[in-house]
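This is what each chain is made of:
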Amino acid sequence: MAAPTEPVRLPGTLAFVAARRAGSDARLLTLLDDMWRDPAGYETLEDAGLVRRTILGFKYWVDEPGPDSVRYWAESHTLSYSACAYLAGRFFPAEQFVSSGVRGAELARKAEHRILTWLSRCYRFGMSEWLTAQTLVEVLATLVVLVDRAPDEDLVQRAKMVLDVVLLDVALYGFEGDFAPAAARVTPDPGMRSILSWLRDTPVRDAADPLVARVVAGGGYDLPPVLQRIAYDDQASTSWSTFGLNPSDIERETCGQVDQACLLAWQIGAYTCPETVKWSAHGYRKWALTGNRALAPVKRFASPLTRLLPATGDAQFPRARFTSFRTRHYQLSSVQSYRVGQIGDARPWQAVLPGGIHITSVHPSRPDAPRGSGLLPSVGQHEHVLLAMYDTRHRDVGEGSKVIVPFSRCDEARLGRTWMAAQVRGTFLGLLSAAPLELSARDEVAQRGPVTGWAVVMGDRSQSSSLTDFVRMLKASSLSVDRDALHLRLADLGHYSLNPEGSLTEPHGLVVHPAGRHRNPWVRPFAAAGRLDVECGGRTLHLDWDRASRVWT
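Just so you know, the residues in each chain are numbered from 1, in the order the chain's sequence is written. Since the coordinates come from a predicted model, pLDDT governs what is reported: local features require at least 70, and pairs of side-chain atoms require 80 or more to be given and counted, while whole-chain, interface and lining totals use all residues. For side-chain calculations, the full set of non-hydrogen atoms in the structure is used, while hydrogens and water are omitted.

### Looking at the overall build of the chain
Strands are runs of DSSP state E lasting at least two residues, helices are runs of H or I lasting at least four, and both sets are numbered from the N terminus onward. Helix and strand content of the chain: 16 helices and 26 strands. For a compact globule the rule gives 2.2 Å times the number of residues to the power 0.38, and the radius of gyration it is set against comes from C-alpha atoms. Relative to the globule expectation of 24 Å for 553 residues, the C-alpha radius of gyration of the chain, 24 Å, shows essentially globular dimensions. Over its C-alpha atoms, taken along the principal directions, the chain stretches across nearly 75 × 60 × 45 Å. Counting the 553 residues in the chain, one finds 59% classified as buried. Across the chain, every contact between residues at least 6 apart in sequence was considered, and the portion connecting residues at least 24 apart equals 66%. The centroid of the 62 positive side-chain charges in the chain is displaced by 3 Å from the centroid of its 60 negative side-chain charges. The buried label goes to any residue with under 20% of its type's maximum accessible area, the exposed label to any with over 50%, and the partly exposed label to all in between, with areas taken from a 1.4 Å probe on protein chains only. In what follows, a contact means two residues having at least one pair of non-hydrogen atoms within 4.5 Å. In this tally Asp and Glu are treated as negative and Lys and Arg as positive; neither His nor the chain ends contributes. Note on charges: their place is set at NZ of Lys, CZ of Arg, CG of Asp or CD of Glu.

### Some thoughts on the confidence of the model for the chain
On average, residues of the chain score 92 in pLDDT, and 94% of them reach the 70 mark or higher. One number per residue, pLDDT, summarises how confident the predictor is, and it ranges from 0 to 100. Low pLDDT, under 50, characterises residues 1-8; the stretch is placed with 17 contacts to residues that sit more than four places away or in other chains.

### Focus: the pairing of strand β10 (residues 401-404)
Remark: a regular strand shows side chains that alternate across the two faces of the sheet. Two strands pair if DSSP finds at least two bridges between them. Summarising the sheet, strand β6 (residues 357-362) and β10 pair through 3 bridges and their orientation is antiparallel. Pairing of Thr-360 across the sheet is with Ile-404, part of β10.

### Considerations on the packing of aromatic side chains
The pairing test for Phe, Tyr and Trp rings, Trp by its six-membered ring, is centres within 6.5 Å, and the orientation test on the planes gives stacked under 30 degrees, edge-to-face over 60, and tilted for anything in between. Evaluation of the coordinates by the stated rule reveals 19 aromatic pairs. Here Trp-130 and Tyr-338 contribute two aromatic rings whose centre-to-centre distance is 5.2 Å and whose plane-to-plane angle is 90°, an arrangement assigned as edge-to-face. One end of the pair, Trp-130, is in the loop between α6 (104-125) and α7 (133-149); the other, Tyr-338, is in the loop between β3 (331-336) and β4 (343-344), and 208 residues separate them in sequence. A single burial state applies to Trp-130 and to Tyr-338, both of which are buried. Consider the rings of Trp-266 and Tyr-271, whose centres lie 6.4 Å apart with planes at 40°: the pair is tilted. Taken together, the aromatic side chains of Phe-58, Tyr-60, Tyr-72, Tyr-81 and Phe-97 make up a single cluster linked through ring pairs. Over the ring of Trp-545 we find Arg-158, and its NZ or CZ is 4.7 Å from the ring centre. A ring is considered to have a charge above it if a Lys NZ or an Arg CZ atom is located within 6 Å of its centre and within 35 degrees of its normal. A cation over an aromatic ring shows up here: Arg-200 above the ring of Tyr-232, its NZ or CZ 4.2 Å from the ring centre.

### A look at the packing of helix α2 (residues 24-37) against helix α10 (residues 210-217)
Only the stretch in contact is used when a helix axis is fitted, and all axes are lines through C-alpha atoms; the angle between N-to-C directions ranges over 0 to 180 degrees. Look at α2 against α10: their axes get within 10 Å of each other, and the N-to-C directions meet at 45°. When the axes of α2 and α10 are compared, the pair comes out oblique. Viewed along their axes, α2 and α10 form a crossing whose handedness is left-handed. Contact with α2, carried on its side by Ala-26, Thr-30, Asp-33 and Asp-34, involves Pro-210, Leu-211 and Arg-214 of α10 and no other residues of that element. Put simply, angles under 35 degrees are roughly parallel, angles over 145 are roughly antiparallel, angles from 65 to 115 are roughly perpendicular, and the rest are oblique. Here is the rule for handedness: rotate from the far helix to the near one, and if that takes an anticlockwise turn smaller than a right angle the crossing is left-handed, while a clockwise turn gives right-handed.

### A word on the sheet that holds strand β9 (residues 385-391)
Spatial ordering of the open sheet is given by β8-β9-β16-β13-β12-β11, a layout of 6 strands whose pairing is antiparallel. In this open sheet, the two strands that pair with only one neighbour each are β8 (378-382) and β11 (412-415). Across the sheet, the mean angle separating the axes of adjacent strands is 10° when strand polarity is ignored.

Here it is as structure tokens:
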């Protein structure tokens, strides 16, 4: 584990936590982790009294009084705030906590229930903020701390099982020690490369972030070797995964409990969907959240005079159907039919080449928008071929779209009127456009128009002997938009088409995303809340949630 909190840093940490600022849960979690590791050391701290007052005065959940704009219900925050409440309550079981007005034992009991509910959903459905670097780091660190510090054996066992499931996603969707698949949100990466290095049992070069340090230390978590085997497996293979829930699933999942339905709706960003707005208005009023800026869209529905207004919002993190094709040379990943035509900061597809070179497309919703923020396209993928179509005709946004290509890091790159090709260490990436290409910046190629389309074609020297040979194939291919559909005629392979909803047809028929949480060469499909069986390279992992059973070889 990382070194205990240094006394020189403690006053700043406590002031940050006491101010209830965004990120205070992460700082409090590391402090509680240090305290649980060395309770006697806590008692000898010069600031022990201030530590105690800060912990007892903290606001641990949305139903406790006090104004703030913290999103307690966000996926990683639900777990981390609940873990903080659980560890704090168990550390001070007889003390009264100021914000909730309950003693520590009761605070911990309520938090434990939230943690177990969160763990069950994550095991069965995966993460709603799928493959998002910052969220993954926060979740993994919290789970490791619970494994190390929770006194309850059942909670520890289930935390280990969910660590297995989340790290399985990391193993499946990393490439050459790089973790950069398509993702629900584009965020700064606090250290997923370091976590993947730890998973692959290679030297960890940078674990300065305290949460990352806790993950790579491992603590009491015993990493199943099969996950390392999957991370290293370089056979050409397609992996499909399904992540999260839709708004229509919430009532069934929460058994109609209004408070739980409200918080789960907010977790997936479904604040004002037709299915969820009644729960949002309930929570907004019950917990007096008028000052919480994250809930500004709910305000107009909270009054009895306005709650009958039509709700037209969509979920920020609905269920995602994810596809990845990984070989020893490259990785191409994408999400299908995900909020098509909505504004968001998801990364709908990404190609990863050797040397950590990432290529993706973007439609900025405004000139100063960060990369990854804009209109979301229709995307379809079949193995090494991907189609993406941006249709701006129905939204008040700018026309056109771009593909980010770091040309200076490629070994070779060539550009034609409607095609682009790059080569890195014998790996080829080709782009075809439905309109003429132009260099919009040093590392961007763009096309203009209300409807723009891209085809991405990956390859290596086993299919093309050289970049010249690969370019010859691209020149013999074509991409066009016709009747709202994107059509690719790929030399030697045939015809692909993508409709606005994201349905992709490849030369042999319609591409159907398999049902179930996972489908790939290593994982057997499993039913909700059931078994998960993983095998790779002679190593296995067998999980059974109902029995809290975890067996690996």
